[in-house]
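Fold and geometry: a report
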Protein chains: 2
Amino acid sequence: MLDVLQEHIIKRLGKVPERFEEVAKAFEPLRPKRGTYLLREAEVCKHVYFIVEGCLQVFVIDKNGNESTRELYTEEQWVTDIFGFKNQQASEEYIKCVEPCKLLRIHYDAFQYFSAEIPAFAQIYQQILELSYSNTVYRVNTMTSLNALDRIKWLIENKPQLMTRLSNKLIASYLGISPETMTRLKGKL
Amino acid sequence: MLDVLQEHIIKRLGKVPERFEEVAKAFEPLRPKRGTYLLREAEVCKHVYFIVEGCLQVFVIDKNGNESTRELYTEEQWVTDIFGFKNQQASEEYIKCVEPCKLLRIHYDAFQYFSAEIPAFAQIYQQILELSYSNTVYRVNTMTSLNALDRIKWLIENKPQLMTRLSNKLIASYLGISPETMTRLKGKL
DNA sequence: AACGACTCTTGATAAATGTCAATGATTTTG
DNA sequence: CAAAATCATTGACATTTATCAAGAGTCGTT
C-alpha cells in the first residue's frame, strides 16, 4: 500500500520527498472491514488515516439518535478529527468504515516528530490542511445556500462516484435530508 | 493598530516573534466603514485581513438573491477566501464590513514571501489554519445536526456577543433561517 | 436455498420553516 | 431634525421536509 502513498506524495510535492523511507515506516497498514469504527465520540483520536481503498464516514449523532454525516472520504484522502487530534482531546465525531478498506495510519507521536524534523512533511501537511479547510468551507456554503433538490443535483454534478457507490441512506445523511425525501426527490430529477 | 497584532501573535507563539518589525511593515491599516465590500464574487482575493475592531461577514448569494452567511468574524480573527487566496483564483464568496472596522491586511506577495522566509510566520499561519479548519468543521456539524431552535440556543451559549451586537436579520442569515422564523423562535426560548 | 437484517419505496399525515403583506419601530442620512 | 430607508414583528397561508407505517426488494450468511 505504501506505493499508493508515495505516488500521492509525489503528486503533491512534485518530487520524491526527502527521507521517504523513514516516514513510510511510521505508517501502519490496516484492513478494517465494513462497519468498523476507527473513532467514537469521547475517544481521543490518536491517528491520521490515509485511504488507499474504501470509504470512511465522519459523523455526529444528534439528540434523536440520527447520524449526521459531516463528510465522506474515499481513495487518496486524509482523515482525522482535526481538533481532537491536534489537542489530543476527546472527539465529538465518529469515524466509521462504510466499505471494506485498505488504510495507512500514522500515530500522533510520529506525526509530531516528522512535522518538526522534516520540512517536506510539514509542507505536505500544510497543503492537506489548506485543501481540507477549503473543502469544508465549500461544504458549509453548499449545505446552507441550497435546498434539498439542489444539493442532490450538486452531488450528481460534483461527486457522481459517491452517488453510485454508496447507499441511498448514507447519501441522504450526507446531504442532510431523510432517506424518504431523498427517494422522492430523485424521482423529480 | 499594530500593537494589537503583536499582542495577538505573542499569545499564539508564547514569545515575541522573530523579525516582527519587518513583518509588521507589510501590514496595511484600513478603516472601512459599515457596508464596505472587501471582496466580491468573481474577484481574486489579494489579502488576508486581521480584525483589530469591528465585524466582517463572509457570505454567498443563493439563486433567489438571498445572502447565506458562512461566517461572522470579530476582533482578533483572521479572514480571507482561503481557496481563492491560495490559488489566486476567482472567489465564490463576498466579504463585507457589517460594522465600521479597524483592519490590518497583508498582501498575497508579502504573505508568500514571509511564509517561505520566516519559520515563525509559517508556524503561526499553520496554527490559524488549524483553528479555522476546526471551527468550520464544528460549524458543519452544528448546522446539519441541530434544528433552528437549537441553533439559536447554541449561538446564545457559545457566541453571546454576536447575538447582542448584530441585527436579527444577520444572525438569522448566519443560522440559516428566515428573519421571521428567528423572531418567532426567540419568543419560545 | 432460506433466514434475518437491512434498505428502498410509497402513502398518509404532521411538523418545521418559508413567503408575502402590513404596520410600527429604529436607524441612517441629507 | 426630518425624511427615507431599513428592520422587527405579527398574521395568514404555502411549501418543504420529516415522521410513521407497511410492503417489497436486496444482500450477506449460513
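What counts, and at which threshold
- Residues numbered from 1 in each chain as written.
- Chains lettered and ligands numbered in written order.
- Predicted model: local features only at pLDDT ≥ 70, side-chain atom pairs only at ≥ 80, totals over all residues.
- Heavy atoms only, no water.
- Near = heavy atom within 4 Å.
- Polar contact = N/O pair within 3.5 Å; in protein donor to acceptor, adjacent residues only side chain to side chain.
- Helix = DSSP H or I, 4+ residues; strand = E, 2+ residues; numbered from the N terminus.
- Nonpolar A, V, L, I, M, F, W, Y, C, P; charged D, E, K, R; others polar.
- Pairing = 2+ DSSP bridges.
- Axes fitted to C-alpha atoms, helices over the stretch in contact; angles between N-to-C directions.
- Least-squares fit on C-alpha atoms with pLDDT ≥ 70 in both.
- Contact = heavy atoms within 4.5 Å.
- Salt bridge = Lys/Arg side-chain N within 4 Å of Asp/Glu carboxyl O.
- Buried < 20%, exposed > 50% of the residue type's maximum accessible area, 1.4 Å probe, protein only.
- Domains from an automatic or database assignment.
- Buried area = accessible area lost by both parts, 1.4 Å probe.
- Core = buried A, V, L, I, M, F, W, Y, C linked by side-chain atoms within 4.5 Å.

1. A look at the protein's contact with DNA strand C
- In the region of DNA strand C, 14 residues are neighbours, and A:Asn168, A:Thr183, A:Arg184, B:Ser178 and B:Thr181 sit closest.
- In the model, a phosphate oxygen of DNA strand C is placed 3.1 Å from a nitrogen or oxygen of the B:Ser178 main chain.
- B:Arg184 places a polar side-chain atom, nitrogen or oxygen, 3.4 Å from a base oxygen of DNA strand C.
- Those elements that place two or more of their residues in the surface near DNA strand C are helix 8 (168-175) and helix 9 (179-186) of chain A together with helix 9 (179-186) of chain B.
- Among the residues making up the surface near DNA strand C, the classes are represented as two nonpolar, seven polar and five charged.

2. Quick look at the sheet that holds strand 2 (residues 37-39) of chain B
Residues and elements named next belong to chain B.
- Pairing within the open sheet is antiparallel, and its four strands lie in the order 2-7-4-5. With one partner strand each, in any of the chains shown, strand 2 and strand 5 (67-73) form the two edges of the open sheet. Across the sheet, the axes of successive neighbouring strands diverge by a mean angle of 30°, strand direction being ignored.
- Sheet topology note: the strand 2/strand 7 (residues 94-97) ladder contains two bridges and is antiparallel. Counterpart to Tyr-37 in the pairing with strand 7 is Lys-96.

3. Quick look at the relation of the copies chain B and chain A
- Overlaying chain B on chain A yields an RMSD of 0.0 Å, the required transformation being a rotation through 180° with an accompanying axial translation of 0.0 Å. Taken together, these values place the two copies in the relation of a two-fold axis. Ranked by how close their C-alpha atoms come to the rotation axis, the residues of chain B are headed by B:Tyr133, at 2.4 Å.
- Here 100% of the interface residues in chain B have copies in chain A that are interface residues too; the copies meet face to matching face.

4. Regarding the interface of chain B and chain A
- Counting residues at the interface gives 30 residues for chain B and 30 residues for chain A.
- In this structure, the connection of chain B to chain A is made through four salt bridges.
- Salt-bridge contacts for A:Lys86 lead to B:Glu130; the nearest nitrogen and oxygen are separated by 3.1 Å.
- Applying the counting rule to chain B against chain A returns ten residue pairs in polar contact (both at pLDDT 80 or more).
- Contributing elements (two or more residues each) for the side of chain B that touches chain A: strand 5, helix 3 (82-87) and helix 5 (119-145) of chain B.
- The element best represented in the side of chain B that touches chain A is helix 5 of chain B, accounting for 17 residues.
- Of the residues that constitute the side of chain B that touches chain A, the class distribution is twelve nonpolar, nine polar and nine charged.

5. With respect to the pairing of strand 7 (residues 94-97) of chain A
All names here are of chain A.
- Side chains Tyr-94 and Lys-96 project from strand 7 onto one buried face, and the interleaved Ile-95 and Cys-97 project onto a second face that is buried too.
- Alignment of strand 4 (residues 56-61) against strand 7, held across four bridges, turns out to be antiparallel. Note on strand 7: the bridge partner recorded for Val-58 is Ile-95.

6. Examining the protein's contact with DNA strand D
- Around DNA strand D sit 14 residues in total, of which A:Thr181, B:Asn168, B:Lys169, B:Thr183 and B:Arg184 are the nearest.
- In the interface set of DNA strand D, defined as its atoms within 4 Å of the protein, sugar plus phosphate atoms amount to 49%.
- Here A:Thr181 contributes a side-chain N or O atom positioned 2.7 Å from a phosphate oxygen of DNA strand D.
- Residue assignment for the surface near DNA strand D shows that the elements contributing at least two residues are helix 9 of chain A together with helix 8 (168-175) and helix 9 of chain B.

7. Some remarks on the domain arrangement of chain A
Residue and element names in this part refer to chain A.
- You can read the domains of chain A as domain 1 (2-145) and domain 2 (146-189).
- Inter-centroid distance (C-alpha atoms) of domain 1 to domain 2 is 24 Å.
- At the interface, 20 residues of domain 1 touch 13 residues of domain 2.
- When domain 1 packs against domain 2, close to 1,300 Å² is buried across both sides, 55% of that on carbon and sulfur atoms.
- Of all residues in domain 1, the largest losses of buried area upon contact with domain 2 belong to Leu-72, Thr-142 and Met-143, amounting jointly to 38% of the total for that side.
- At the junction of domain 1 and domain 2, the tally comes to three salt bridges.
- As a salt-bridge pair, Glu-99 and Arg-165 come within 2.8 Å of each other at their nearest N and O atoms.
- Sorting elements by how many residues they give to the side of domain 1 that touches domain 2 places helix 5 (residues 119-145) first, with seven residues.

8. Notes on the pattern of salt bridges
- Summed over the entire model, instances satisfying the criterion amount to 22 salt bridges over all chains.
- A single network of salt bridges, built from pairs that share partners, joins A:Glu75, A:Glu99 and A:Arg165.

9. Here's the deal with the nonpolar core
- In terms of nonpolar packing, the biggest core is built from 84 residues, with A:Leu56 and B:Leu56 touching the most fellow members.
- Leaving out residues up to four positions away in the same chain, A:Leu56 has contacts with A:Leu38, A:Tyr49, A:Ile51, A:Glu71, A:Leu72, A:Tyr73, A:Val79, A:Ile95, A:Lys96, A:Cys97, A:Cys101 and A:Leu103.

10. What about unusual backbone geometry?
Residues and elements named next belong to chain B.
- A positive phi is found at Ala-42, a non-glycine position, where the angle reads about 80°.
- Residue placement: Ala-42 occurs in the loop between strand 2 and strand 3 (47-53).
- Of note, the phi angle at Glu-76 is positive, near 65°, even though the residue is not glycine.
- With respect to the helices, strands and loops of the structure, Glu-76 is situated in the loop between strand 5 and strand 6 (78-79).

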